[in-house]
Amino acid sequence: MNNSLLKQLLTEYNAKRNIAIDEAEERKAKLLEVNPKISEIDKELSKISIDTSRNIINAKPEEKTKLLADLKKKSNNLIKEKNFIIKELFKSTDYFEPNFECKMCKDTGFVQKNGKSEICSCLKQKIYDIAYNKSNMGNLEFENFGTFNIRLFSDKENKEKYKSDISPRENMNLLREKANNFIQNFDDPRRKKFNFFRWNWAWKNVFNKLYCK
Ligand SMILES: [Zn+2]
């Protein structure tokens, strides 16, 4: 496998990971707006950790164990209180956690095994797919905007069949316009949220739902 492919995959992983983190932060910000108590608990949690670390530096050896035990007790109580509030709001306690596509490597592409960093099975699968041309990125030479033929899509509306008020052709035209727009703005940081991965996911979903029955 060449290095540029791995580099490209890792860039994709990094972007996908950032989205999951951004979305988790958005969820958190929204929830904090309606319940500022959670934010107060978070502040208190970091304050007691900092205070304890400071005190430990100046403490006698016999006092250190007690300080750590106190920190653990206080932290556990605060975490319990925080989880209680989150549950009260009908959210699961992992609501604030990023929703990574791969739970094992948290979308980093690597896992720790016996103290060593190893390529995660999800990244191995991606490399395999590309190596054996199984990914949908393998035929860009033949499958691209230049060879895109809109006439392959029906111009007949059929709400029951396509679950849409517009014809497949009209729908594909809209998608093509969005894809074009996305490519034109690819480097625009203000549009970083609407990135390739989300686009690719949406495209595949719409396409499969509508036309691959
Ligand atoms: Zn993974």
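Quick caveat: nothing in here was measured; it's all calculated off a predicted structure. (Residues numbered from 1 in each chain as written. Predicted model: local features only at pLDDT ≥ 70, side-chain atom pairs only at ≥ 80, totals over all residues.)

## Here we look at the overall build of the chain
Along the chain, the regular secondary structure elements total seven helices and two strands. From first element to last, N terminus to C terminus, the chain shows the α and β order α-α-α-β-β-α-α-α-α. Within the chain, the fraction of its 213 residues that count as buried is 5%. Taking the intrachain contacts of the chain between residues at least 6 apart in sequence as the baseline, contacts between residues at least 24 apart amount to 51%. (Helix = DSSP H or I, 4+ residues; strand = E, 2+ residues; numbered from the N terminus. Buried ≥ 20, exposed ≤ 12 C-beta atoms within 10 Å, placed from the backbone. Contact = placed C-beta atoms within 7 Å.)

## Quick look at the pairing of strand 1 (residues 110-113)
By the bridge criterion, four bridges tie strand 1 to strand 2 (residues 116-119) in an arrangement that is antiparallel. Residue pairing in the sheet places Lys113 in a bridge with Lys116 of strand 2. In sequence, strand 1 turns back onto strand 2 through a hairpin of two residues, with Asn114 there showing a positive phi of about 50°. (Pairing = 2+ DSSP bridges.)

## Regarding the confidence of the model for the chain
Averaged over every residue, the pLDDT of the chain is 79; the share at 70 or more is 77%. At the low end of the mean pLDDT range in the chain sits helix 7 (residues 196-211), at 52; at the high end sits strand 1, at 92. Within the model, pLDDT remains below 50 along residues 208-213, and this stretch shows five contacts once partners closer than five positions in the same chain are excluded. (pLDDT = per-residue confidence, 0-100.)

## Looking at the environment of Ser154
Among the structural elements, Ser154 can be located in the loop between helix 4 (121-131) and helix 5 (159-162). Accessibility expressed as a C-beta count within 10 Å gives 15 for Ser154, which makes it partly exposed. Note: C-alpha distance between Ser154 and Asn171 (17 residues apart in sequence) is 10.0 Å. Dropping the residues within four chain positions of it, Ser154 is found in contact with Ser167, Pro168 and Arg169.

## Thoughts on the packing of helix 2 (residues 37-58) against helix 3 (residues 61-88)
The contact between helix 2 and helix 3 brings their axes to 10 Å, and the two run at 175°. Here helix 2 lies roughly antiparallel to helix 3, going by the angle between them. Here Lys37, Ile38, Ile41, Glu44, Leu45, Ile48, Ser49, Thr52, Asn55 and Ile56 of helix 2 lie close against helix 3, whose contacting residues are Lys64, Leu67, Leu71, Lys74, Ser75, Leu78, Glu81, Lys82 and Ile85. (Axes fitted to C-alpha atoms, helices over the stretch in contact; angles between N-to-C directions. Parallel < 35°, antiparallel > 145°, perpendicular 65-115°, else oblique.)

## Examining unusual backbone geometry
Positioned with a positive phi, Lys106 is a non-glycine residue whose angle comes to about 50°. Its location among the elements puts Lys106 in the loop between helix 3 and strand 1. Classification of Lys106 as partly exposed rests on a count of 18 C-beta atoms within 10 Å. Notably, Asp107 is not glycine yet its phi reads approximately 60°, a positive angle. Residue placement: Asp107 occurs in the loop between helix 3 and strand 1.

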